Amino acid sequence: MVFEQKHILGLEELSSDEIRLILDTAESMKEVSERDVKKVPALKGVTVVNLFFEPSTRTRASFEIAEKRLSADVLNFTPTESSVVKGETLLDTARNLEAMGASVIVIRHSMSGAPWLLARELSSSIVNAGDGFHEHPSQALLDLFTVREIKKEISGLKIVIVGDILHSRVARSNIWGFIKLGAEVRVVGPPTMIPRDIEKVDVKVHYNIENALEGVDIVMMLRLQKERQESGLFPSLREYSRFYGLTRERLGLAKADVIVMHPGPINRGVELSSEVADDMHSVILNQVSNGIAVRMAMLYLVASGGGSG
Amino acid sequence: MKILIKDGQLIDPSQEINEVRNLLLSDGKINGYPSDTKELEMDSSVQVIDASGKVVSPGFIDLHVHLREPGFEHKETIRTGCLAAAAGGFTSVVCMPNTNPVNDNASVTEYILLKARTEGVVNVFPVGAITKGQKGQALAEIGEMREAGCVAISDDGRPVMNSRVMRHAMEYAKAFELPVISHAEDLNLSSDGVMNDGFTSTILGLRGIPNASEEIIVARDITLGELTGTHLHIAHVSTAGAVRLIRDAKKRGVKVTGEATPHHFTLNDKAVLNYDTSTKVNPPIRSREDMEAIREGLKDGVLDIIATDHAPHTEDEKKVEFDLAPFGISGLETALPLALRLVEDRILTLTELIRKLTFNPAQIIIRSNRGTLKPGAPADVVIFDPNKTVKVDRDKFFSKGRNTPFHGWRLSGQILYTIVGGEIVFSA
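Keep in mind it's a predicted model, so treat the numbers as computed, not measured. (Residues numbered from 1 in each chain as written. Chains lettered and ligands numbered in written order. Predicted model: local features only at pLDDT ≥ 70, side-chain atom pairs only at ≥ 80, totals over all residues. Heavy atoms only, no water.)

## Examining the overall build of chain B
Tallying secondary structure elements over chain B gives 15 helices and 18 strands in all. Computed over its C-alpha atoms, the radius of gyration of chain B comes to 21 Å, within 12% of the 22 Å expected for a compact globule of 428 residues. Projecting the C-alpha coordinates of chain B onto the three principal axes gives extents of approximately 65 × 45 × 45 Å. Counting over 428 residues, chain B shows a buried share of 63%. Of the contacts formed within chain B by residues at least 6 apart in sequence, a portion of 76% connects residues at least 24 apart. (Helix = DSSP H or I, 4+ residues; strand = E, 2+ residues; numbered from the N terminus. Rg over C-alpha atoms; globule rule 2.2 N^0.38 Å. Buried < 20%, exposed > 50% of the residue type's maximum accessible area, 1.4 Å probe, protein only. Contact = heavy atoms within 4.5 Å.)

## Some words on the interface of chain A and chain B
Each partner contributes to the interface: chain A provides 24 residues, whereas chain B provides 18 residues. Roughly 1,800 Å² of surface becomes buried between chain A and chain B when both sides are summed, with 59% attributable to carbon and sulfur atoms. On the chain A side of the contact with chain B, A:Met111, A:Ser112 and A:Arg196 bury the most area, a combined 28% of that side's loss. The tally of links between chain A and chain B comes to two salt bridges. Viewed at the interface, chain B and chain A are joined by eleven residue pairs in polar contact (both at pLDDT 80 or more). Of all the elements in the fold, those that place two or more residues in the side of chain A that touches chain B are α3 (90-99), α4 (114-121) and α6 (169-180) of chain A. Among the elements that line the side of chain A that touches chain B, the one with the most residues is α4(A), at five residues. Per-class residue counts for the side of chain A that touches chain B are eleven nonpolar, four polar and nine charged. (Buried area = accessible area lost by both parts, 1.4 Å probe. Salt bridge = Lys/Arg side-chain N within 4 Å of Asp/Glu carboxyl O. Polar contact = N/O pair within 3.5 Å; in protein donor to acceptor, adjacent residues only side chain to side chain. Nonpolar A, V, L, I, M, F, W, Y, C, P; charged D, E, K, R; others polar.)

## What about the confidence of the model for chain B?
When pLDDT is averaged along chain B, the result is 97, and 100% of the positions lie at 70 or above. Predicted complex, confidence summary: ipTM 0.93, pTM 0.94. (pLDDT = per-residue confidence, 0-100.)

## Let's talk about the side chain of B:Arg220
For B:Arg220, the location among the structural elements is in helix α8 (residues 211-228). Beyond its immediate stretch of four places on either side in the chain, B:Arg220 contacts B:Val160, B:Met161, B:Asn162, B:Ser163 and B:Met166.

## A closer look at the environment of A:Lys38
Residue and element names in this part refer to chain A. Mapped onto the fold, Lys38 is located in the loop between α1 (16-33) and β1 (47-52). With 262 residues separating them in the primary sequence, Lys38 and Tyr300 have C-alpha atoms 15 Å apart. Contact partners of Lys38, with chain neighbours within four places excluded, come to Val32, Ser33 and Arg69. Separated by 3.4 Å, the side chain of Lys38 and the backbone oxygen of Ser33 make a polar contact. One polar contact links the side chain of Lys38 to the main-chain carbonyl oxygen of Arg35, over a distance of 2.9 Å.

## Quick look at a negative patch on the surface
A contiguous patch of negative charge on the surface is contributed by B:Glu110, B:Glu141, B:Glu144 and B:Glu147. Mapped onto the secondary structure, B:Glu110 falls in helix α3 (residues 106-119). (Patch = residues over 30% accessible without salt bridge, like charges linked within 9 Å, V, L, I, M, F, W, Y side chains within 5 Å. Areas by Shrake-Rupley, 256 points an atom, 1.4 Å probe, with all protein chains shown as cover. Lys, Arg positive; Asp, Glu negative; His and termini not counted. Charge placed at Lys NZ, Arg CZ, Asp CG, Glu CD.)

## Considering the pairing of strand β18 (residues 423-427) of chain B
Residue and element names in this part refer to chain B. Relative to β18, strand β17 (residues 410-420) runs antiparallel, the two being bridged by four bridges. Looking at the pairing, Ile419 lines up with Ile424 of β18. Connecting the antiparallel pair β17 and β18 is a turn made up of two residues, with Gly421 showing a positive phi of about 55°. (Pairing = 2+ DSSP bridges.)

## What to know about the domain arrangement of chain B
All names here are of chain B. What the domain assignment lists for chain B is domain 1 (2-56 + 377-427) and domain 2 (66-365). Domain 1 and domain 2 are separated by 26 Å when their C-alpha centres are compared. In this complex, domain 1 contributes 33 residues to the contact, which on the side of domain 2 involves 44 residues. Summing the contributions of domain 1 and of domain 2, the shared interface buries around 3,000 Å²; its carbon and sulfur component is 69%. Three residues, Pro13, Lys400 and Asn403, lead the burial of domain 1 against domain 2; their summed loss comes to 22% of the area buried on that side. Taking the shortest distance from any N to any O, the salt bridge between Glu16 and Arg355 comes out at 3.5 Å. Looking at the side of domain 1 that touches domain 2, the elements with two or more residues in it are β16 (381-391), β17 and β18. (Domains from an automatic or database assignment.)

## Brief notes about the pairing of strand β2 (residues 17-26) of chain B
Residue and element names in this part refer to chain B. As paired elements, strand β1 (residues 2-12) and β2 share nine bridges and run antiparallel to each other. Within the sheet, the bridge partner assigned to Ile5 lies in β2 and is Leu23. In textbook terms, the turn of a hairpin is the stretch between consecutive antiparallel strands, and for β1 and β2 this stretch comprises four residues, one of which, Glu16, has a positive phi near 55°. Pairing of β2 with strand β3 (residues 29-32), which is carried by three bridges, proceeds in the antiparallel orientation.

## Notes on the packing of helix α13 (residues 335-344) of chain B against helix α14 (residues 350-357) of chain B
Residue and element names in this part refer to chain B. Across the interface, α13 lies against α14 with an axial gap of 9 Å and an inter-helix angle of 140°. Taken together, α13 and α14 sit at an angle that is classed as oblique. Considering only the axes of α13 and α14, their crossing is right-handed. Within the contact between the two elements, α13 uses Leu336, Ala339, Leu340, Leu342 and Val343 and α14 uses Leu350, Leu353 and Leu357. Considering only residue class, the contact of α13 with α14 consists of eight nonpolar, no polar and no charged. (Axes fitted to C-alpha atoms, helices over the stretch in contact; angles between N-to-C directions. Parallel < 35°, antiparallel > 145°, perpendicular 65-115°, else oblique. Left-handed = near helix turned anticlockwise from the far one by under 90°.)

## Here's the deal with the sheet that holds β1(A)
Residues and elements named next belong to chain A. On the basis of which strands lie adjacent, the open sheet formed by four strands has the order β2-β1-β3-β4 and parallel pairing. Each having just a single partner strand, β2 (73-77) and β4 (125-131) make up the two edges of the open sheet. Put simply, the sheet's adjacent strands are angled 15° from each other on average, direction ignored. As paired strands, strand β3 (residues 102-109) and β4 are joined by five bridges and run parallel to one another. Counted as the bridge partner of Val106 is Val127 from β4. Contacts from α3 reach β1, β2 and β3, with the element oriented near 150° to β3.

Structure follows, in structure tokens:
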């Protein structure tokens, strides 16, 4: 199978076969990462720009390592202070980078849809590293990869995503990914943080965490942004944690071999009790190293696939 | 100067005329319907337009446009807005007060009317602000604006949130027989929403504006309309619930009228799916059910008029992140062909459609003899071919605003002539 997408903007746009192809490619990339010399010449001579409008240490570092392992020329551009302050538009900034020879632009932006604007107006391949509340495809792909590695098969698994679904790009991308690969997806959180009509994508909505955890194979915890309290979506961290925090006791309702995931960084004592956070440590680190392999696969496929030709 | 429009299908809902008739215009007025035109055709001072197979109707009246001048001339000027209106078959436009400075006093009104007289090609009727600076607090000098030529008051785009202020505005407007146009939106509920709140906003991760945001204020203003007895006009109705509220209010005898825009009766919020900022408009394009309800409201008469909410913006302003793009669609030059789809879909007859573009808006706001082809009325006339296919090309717009979601659409309906006060201001 040839990867025909020029961009990776979201999991909504990808078919289940394309998702599987990325995951399979990531397996070979993981093998590269385990070698002594962790470098392949796949993207030699290709300039990749990491255009991060939002601070993000981990995603950016992970992309950068992935790019370097593929031998790409890497340019990090963090326009927080320079151009944005001077009033340059997103499009002008990106056009400048393209003029400097960038053929792949990895973009992180606080506003949903920003990567779409670039995909429409530029000729580079665009890789979405997270846009607003919309999608975070590399995170979801690495979550899928990690789950597949542990459980072998995603189809038939039950996953619950817990927390602020409304403002979560990680949730949206994972919902698409897990549904497309045949898992059963539930979401649970305060009704103020469950997006309208989400059940129309074949997701089961719960407001009670105990019911939602019943018999699941995977629990995915989302980070709670404390500013949501100020906008009146929940009354206090204390109450949130009481009704939606994951404790060992609650986790007992899930399957015995349940995996707990968290895109990080964790608010200890809020969405997770400390003991649960410590228990799940191994999976989190596993996710980090898988993240590099998955991002290598994404970059390799868009840069060398049929689409970018 | 005389113009003879020959053999056209004359449709004038104000007189229930729908038949092949000649129309003679002279001295800027409707002269009559001569059946014998031989002498006129021999007279070299008479311009003869062959309208056979075409529709001849009163010029359209758009109760809702943003001409942007003064203050935002890079988006539109009174001149370019009027040219766009003429190209769309509109002979009169009613312009909203959210300019800079705001049209909240007689001197701004006079400036707009002066510009319109010297540079405009269609009739311009300004709407005055309800409150000073559209700040929603102190009443603007409504009486003086009326004297200067304002035909209604509205805080369009920045609705009055304080119900007491709105009550007083509606009471006060009564003394000057001005209707109050409500842009119905609860700003606290809309918050920083950028599109319809629903499945599509969930998928796109964009903040939603719920239907309730409109309906709460429609309900409030209808209630205040009952309290004060003032004519209330609900602008750009976008939700099924708002249609229902207006329907119920009309049944109770409340003096309320309603308006629908072409984008709200043509599109549903799936149009936003690729983050196309030309679909970003306030109130937002709603669900299919809402769109159907608006069509139903047009059909059963709950929604009295069609207006464009013409809101031009520059390409640069729109070519940004969806959250940052300004709200608005440039609507004057696509209104008729979009409206004709209502006829094609058997929602309205052609006569009913023309009524909602001519006589009904004239009745709501311009208490003069416009929107009719009665002899003696101003010679504001449009001639169009309802069957001619046109392809929407934003690069050919007269408006500075190329922000249309209909670019490239193939539609039926071409404006052939627009005549204002007996002068041809547009011909295809």
